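Structural overview
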Amino acid sequence: MAVFEKAERLKQLPPYLFKEIDRKKKEVMARGIDIIDLGVGDPDIPTPPHIIEALKKAADEPANHRYPSYSGMAAFKETVAEWYGRRFGVTLDPATEVITLIGSKEGIAHFPLAFINVGNIALVPSPAYPVYRIATLFAGGEPYTMPLLKENDFLPDLEAIPGDVADRARIMIINYPNNPTSATADPGFFSKVVAFAKKYRIIVCHDAAYTEMAFDGYKPPSFLEVEGAKEIGLEFHSLSKTYNMTGWRIGFAVGNQEAIDGLGGIKSNIDSGVFQAVQMAGMEALRGDQSCVHEMTRTYEARRDLMIKGLRDAGFTVNSPKATFYLWVQVPEGYSSASFAARLLEEAGLVVTPGNGFGEPGEGYFRIALTQTEERLSEAMDRINGLSF
Ligand SMILES: *Cc1c(COP(=O)(O)O)cnc(C)c1O
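All figures in this text were calculated on a predicted structure; none of them were measured in a lab.

Some words on the environment of Ala-342
With respect to the helices and strands, Ala-342 occurs in helix H13 (residues 337-348). Since its relative accessible area comes to 11%, Ala-342 is described here as buried.

This is the structure we're talking about:
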């Protein structure tokens, strides 16, 4: 029995859905089976050398050893604003419309504390990155689920949100290109979101972690490109996926000044900013040679093609994604997400993420992360073909 009772905010969390998978994974490993982990969305490719060099140089500089500015170095925020201008044609005031984050997860998790009171609603997608829902609960808010369904191209159906729910909502969270469904959204959808948010005075938080991981020449839009977006929304961005920097912990939020200011008010009382040397490396990433980004997308594109062909030949139903390093695959007839993931693990040594782990509307799917070499992915496909469903 535990001596210390945990706070309600922890006790209210749903049971950890991957616990059973984690237990089975250990069991299978103990049997000496070579596991291929297609579960985690963490790039297997190292950070480009020119970015590492920038960190090394900046780490030697004593001025960088002191507390950084809470909201981020002016030079970093200017670099972000320039990058938004180049990439999206979006104009930002670096002083008031940009804030540096310790990874975008940090900003997303803290944001509801700035705008949600007890009893307020946050409109959150499902299946989704679990942080959206949990951050709402930690702030005392009520998450209202917007299901992402295949028949709606994995976009939320705004018309299905009841008026009294929208009236009580303070924020809406969306994420395109999407994790876990790999769906993309066009500016037309973003315009509908802007109109909805204006009508109900809701702040839109767009998680844009995957805008640079796109294929076949597709360039995902920023939410802030559409007219009126900056009046009601902000966008969370990250260097994690674009530059293989998940371990570095650097991201940023941009957009509506009041929203950025509110987030800054929370953060300045919790953390003390991002190590300046990491911000300087981030500046090098955003301003430097972008050929590493093209190389990264070519790598994932080839892996995507290999796996989509393999899975379709094996009889699976899966959309070929235009962006993200995820495949969102329907489980075969007669299986649940959990039972199929368990079978792949036990009989083929493959770790995939059961779709219901991202929320109940994800039931019937599993997610594959393309974070293994083509050789390992081929091996995974061979093992899948060795099973019969
Ligand atoms: C990976 C990911 C992020 C990025 O997280 P960081 O904290 O910036 O590393 C944000 N949102 C989603 C949906 C992700 O998958």
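So, next bit.
Here we look at the pattern of salt bridges
Summed over all chains, the structure comprises 20 salt bridges. Among the ionic pairs, Asp-216 bridges to Arg-304, the shortest N-O distance being 3.0 Å. With a gap of 88 residues between them, Asp-216 in the loop between strand S6 (203-207) and helix H9 (229-232) and Arg-304 in helix H12 (residues 291-313) connect regions that are remote in the sequence. Since its relative accessible area comes to 52%, Asp-216 is described here as exposed. Connected through salt bridges with shared partners, the residues Asp-34, Arg-376, Glu-379 and Arg-383 form a single ionic network.

A few points about the packing of aromatic side chains
Applying the stated criterion across every chain yields a total of 27 aromatic pairs. Taking 5.2 Å as the distance between ring centres and 75° as the angle between the ring planes, the aromatic pair formed by Tyr-335 and Phe-340 counts as edge-to-face. Given the relative accessible area of 0%, Phe-340 is considered buried. Among the aromatic residues, those joined into a cluster by ring pairs are Phe-76, Trp-83, Tyr-84, Phe-88 and Phe-252.

What about the packing of helix H5 (residues 104-115) against helix H6 (residues 131-138)?
Where H5 meets H6, the closest approach of the two axes is 7 Å, and the angle between their N-to-C directions is 35°. Once H5 is placed against H6, the crossing between them reads as right-handed. In this structure, H5 contributes Lys-105, Ile-108, Ala-109, Pro-112 and Leu-113 to the contact, and H6 contributes Val-131, Tyr-132, Ala-135, Thr-136 and Phe-138. Per-class residue counts for the contact of H5 with H6 are 8 nonpolar, 1 polar and 1 charged.

Focus on the nonpolar core
Counting residues in hydrophobic clusters, the biggest one holds 98 residues, and the most contacted among them are Tyr-84, Leu-123, Met-172, Ile-174, Phe-223, Tyr-243 and Ile-368. If you count residues domain by domain, this core takes at least three from each of domain 1 (8-46 + 291-385) and domain 2 (50-287). Beyond its immediate chain neighbours, meaning those up to four positions away, Phe-223 contacts Ile-174, Phe-190, Val-193, Val-194, Val-204, His-206, Ala-229, Ile-232, Gly-233 and Glu-235. Membership of the second largest hydrophobic core comes to 22 residues, among which are Ala-122, Ala-128, Cys-205 and Leu-234.

Some words on the sheet that holds strand S9 (residues 326-330)
Within the open sheet, the 3 strands sit side by side as S9-S12-S11. Their pairing is antiparallel. At either end of the open sheet lies a strand with only one pairing partner, and these are S9 and strand S11 (353-354). Sheet topology places S11 next to strand S12 (residues 365-369); 2 bridges connect them, and they run antiparallel. Note on S12: the bridge partner recorded for Thr-353 is Arg-367.

Structural notes on the site of the ligand
Lining the immediate surroundings of the ligand are 14 residues, of which Asp-207, Ser-238, Ser-240, Lys-241 and Arg-249 lie closest. Taking Asp-207, its side chain carries an N or O atom lying 2.6 Å from a nitrogen atom of the ligand. Between an oxygen atom of the ligand and a side-chain N or O atom of Ser-240, the distance comes to 2.6 Å. For the ligand, whose unbound accessible area comes to 390 Å², protein coverage reaches 94%. Counted by class, the shell around the ligand contains 4 nonpolar, 6 polar and 4 charged residues.

Brief notes about the domain arrangement of the protein chain
Domains assigned within the protein chain are domain 1 (8-46 + 291-385) and domain 2 (50-287). For domain 1 versus domain 2, the separation of C-alpha centres amounts to 25 Å. Taken together, the 34 residues of domain 1 in the interface contact 32 residues of domain 2. When the two sides are added together, the surface that domain 1 and domain 2 hide from each other amounts to roughly 2,900 Å², 63% of it contributed by carbon and sulfur. Where domain 1 touches domain 2, the interface holds 10 residue pairs in polar contact (both at pLDDT 80 or more). Secondary structure elements with two or more residues in the side of domain 1 that touches domain 2: helix H1 (8-11), H12, S9 and S12.

Parameters at a glance
Residues numbered from 1 in each chain as written. Predicted model: local features only at pLDDT ≥ 70, side-chain atom pairs only at ≥ 80, totals over all residues. Heavy atoms only, no water. Helix = DSSP H or I, 4+ residues; strand = E, 2+ residues; numbered from the N terminus. Buried < 20%, exposed > 50% of the residue type's maximum accessible area, 1.4 Å probe, protein only. Salt bridge = Lys/Arg side-chain N within 4 Å of Asp/Glu carboxyl O. Phe/Tyr/Trp six-rings, centres within 6.5 Å; stacked < 30°, edge-to-face > 60°. Axes fitted to C-alpha atoms, helices over the stretch in contact; angles between N-to-C directions. Left-handed = near helix turned anticlockwise from the far one by under 90°. Contact = heavy atoms within 4.5 Å. Nonpolar A, V, L, I, M, F, W, Y, C, P; charged D, E, K, R; others polar. Core = buried A, V, L, I, M, F, W, Y, C linked by side-chain atoms within 4.5 Å. Domains from an automatic or database assignment. Pairing = 2+ DSSP bridges. Near = heavy atom within 4 Å. Polar contact = N/O pair within 3.5 Å; in protein donor to acceptor, adjacent residues only side chain to side chain. Areas by Shrake-Rupley, 256 points an atom, 1.4 Å probe, with all protein chains shown as cover. Buried area = accessible area lost by both parts, 1.4 Å probe.

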